[in-house]
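Remarks on the overall topology
Residue strings, one per chain:
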Amino acid sequence: MRRFTFLPVITAFALTSNLALSVTARSQEAEQNSARAAALTVSVARPEVSLWPVTIPASGRLAAWQEAIIASEVSGQRIIDVRADVGTSVKKGDLLVQFAPETAQVELEQKQAAVEQAEADLDQATANADRARGLTGSGALSSQQTTEYLITERKAKAELSSARAALTSAQLTLDRTKIYAIDDGVISERSASLGKVVTSGDELFKLIRQNRVEWRAELPLKRLADVKEGTRTIIPTPLRDVRGEVRLIAPTTSTDNGRVTVYVTLQPDPGMPQPKTGILASGYFELDRTDALTVPATAVVMRDGFSYVFIVTDTNQPTVARKRVQTGRRQDDRIEIVSGIERTDKVVTSGGAFLADGSAVRVSEGAELANKEMK
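Owing to the predicted nature of the structure, the values given are computational and were not obtained by experimental measurement.

So, about the sheet that holds strand β3 (residues 67–71). Spatially, the 4 strands line up as an open sheet ordered β3-β10-β8-β5, and their pairing is antiparallel. One side of each edge strand has no neighbouring strand; the edge strands of this open sheet are β3 and β5 (89–90). Examined bridge by bridge, β5 and strand β8 (residues 185–190) share 2 bridges and lie antiparallel to one another. Its bridge partner lying in β8, valine 90 is registered against glycine 185.

Right, dumping it as structure tokens:
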């Protein structure tokens, strides 16, 4: 009877199995290497706690603190010179408009002549009255004649007073042929035109007094308990923030929207241009300061109307977990996270827009070094 040996077969089978396992291991390693190569490189940082002010957002228009109207006080005068335009900065007493002075000058000279005539009449009446008073009781003049001289003197005095008043009025008319700035400020509107004949009361200019512009913010009635005179405000602008201070709170609410107007005096930094009036500006009121857990604005991703951040988990192959968060205050390039993350979490600060929950990532070397320093 013939005996069969299975050793070569077993050996061949073992070699084949080892080869298959080696190929499988290499395949898995290649897949892992490929996954690592495909993982998105991200930067991470831990949330920071900062002392931030509690703010109340608001919006409202910028308007002049006070707007002065410069108008004509005479009628029938023709403008012969205009020395200011919209945007011109003026000082109190600067000449803005010159009317033709010829008519007013002629009238003034007539009134001066009338005064001189009245003075001469008074001198004559006074001399006659003095003689009459000296002859009283001598019988040279009758009582009626003496009375007439005295009455004539009184009339002459009254006529002189009237002539002098008319002269003063004529002088005022001549003075009013020149229109001066009534305060320091900036011309915001101009109606004066060369050659125009004006009537009394015609508006010529509008002037922003002291070049002061204020923010008229509107707040709901329920938020007024937090705002009072002296409360600090900030209006962000492309140049830099414009700071201000509440000077007045309106005593009534608007009949249109039920809001209350808060008047804020703006205090631009030296060198900043004065804000323009008529602009609808958004800003906020600064109240007390409190701690805020903040992350870079780039860490917050908006999806489906909600805010999310991605947290890196500490595993051999880092992955991310998406967490929905509630945001609060904003300051510069950082956002407050009210809820949703912890201070010890590693938050993805860049690249979150391309991630999904559970995505594999590769943390940049700079981020890893920063995390070690934070630990």
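Strands in a sheet are paired, the pairing made by backbone hydrogen bonds, and the direction either parallel or antiparallel. As summarised here, the arrangement of the 4 strands in space is β7-β6-β4-β9, forming an open sheet in which the pairing is antiparallel. The sheet is open, and its two edges are formed by β7 (178–180) and β9 (197–198), each paired on a single side. In the sheet, strand β4 (residues 77–82) pairs with β9 via 2 bridges, with the strands oriented antiparallel. Paired with arginine 78 across the two strands is valine 197, which belongs to β9.

Every other side chain in a regular strand lies on the same face of the sheet, so the side chains alternate between the two faces. Here strand β17 (residues 306–312) pairs with strand β18 (residues 320–331) via 6 bridges, running antiparallel. Within the sheet, the bridge partner assigned to valine 312 lies in β18 and is valine 320. Both β18 and strand β19 (residues 334–339) contribute to a ladder of 4 bridges, which runs antiparallel. Across the sheet, arginine 330 pairs through a bridge with isoleucine 335, a residue of β19. Hairpin connection from β18 to β19: 2 residues lie between these consecutive antiparallel strands, with aspartate 332 at a positive phi of about 55°.

Turning to helix α3 (residues 143–175), a few remarks are in order. A rise of 1.5 Å per residue sets the reference length of α3, with its 33 residues, at 48 Å; its end C-alpha atoms lie 48 Å apart and thus fit the reference within 8%. Among all positions of α3, only Thr146, Glu153, Ala156, Leu160, Ala163, Ala170, Thr173 and Leu174 are buried.

Further remarks concern the pattern of salt bridges. For the structure on display, the rule yields 13 salt bridges. As a salt-bridge pair, aspartate 81 and arginine 83 come within 2.7 Å of each other at their nearest N and O atoms. Accessibility expressed as a relative area gives 24% for aspartate 81, which makes it partly exposed. For arginine 83, a relative accessible area of 52% puts it in the exposed group.

On to the nonpolar core. Of all hydrophobic cores here, the largest spans 20 residues; its most connected members are Trp215, Leu219, Val262 and Phe285. Membership of the second largest hydrophobic core comes to 17 residues, among which are Ala68, Val74, Ala181 and Phe205.

This part is about a negative patch on the surface. Negative charge collects at one region of the surface, where Asp241, Asp269, Asp332 and Asp333 lie side by side. Position of aspartate 332 among the secondary structure elements: in the loop between β18 and β19.

Parameters at a glance
- Residues numbered from 1 in each chain as written.
- Predicted model: local features only at pLDDT ≥ 70, side-chain atom pairs only at ≥ 80, totals over all residues.
- Heavy atoms only, no water.
- Pairing = 2+ DSSP bridges.
- Helix = DSSP H or I, 4+ residues; strand = E, 2+ residues; numbered from the N terminus.
- Expected span 1.5 Å × (residues − 1).
- Buried < 20%, exposed > 50% of the residue type's maximum accessible area, 1.4 Å probe, protein only.
- Salt bridge = Lys/Arg side-chain N within 4 Å of Asp/Glu carboxyl O.
- Core = buried A, V, L, I, M, F, W, Y, C linked by side-chain atoms within 4.5 Å.
- Patch = residues over 30% accessible without salt bridge, like charges linked within 9 Å, V, L, I, M, F, W, Y side chains within 5 Å.
- Areas by Shrake-Rupley, 256 points an atom, 1.4 Å probe, with all protein chains shown as cover.
- Lys, Arg positive; Asp, Glu negative; His and termini not counted.
- Charge placed at Lys NZ, Arg CZ, Asp CG, Glu CD.

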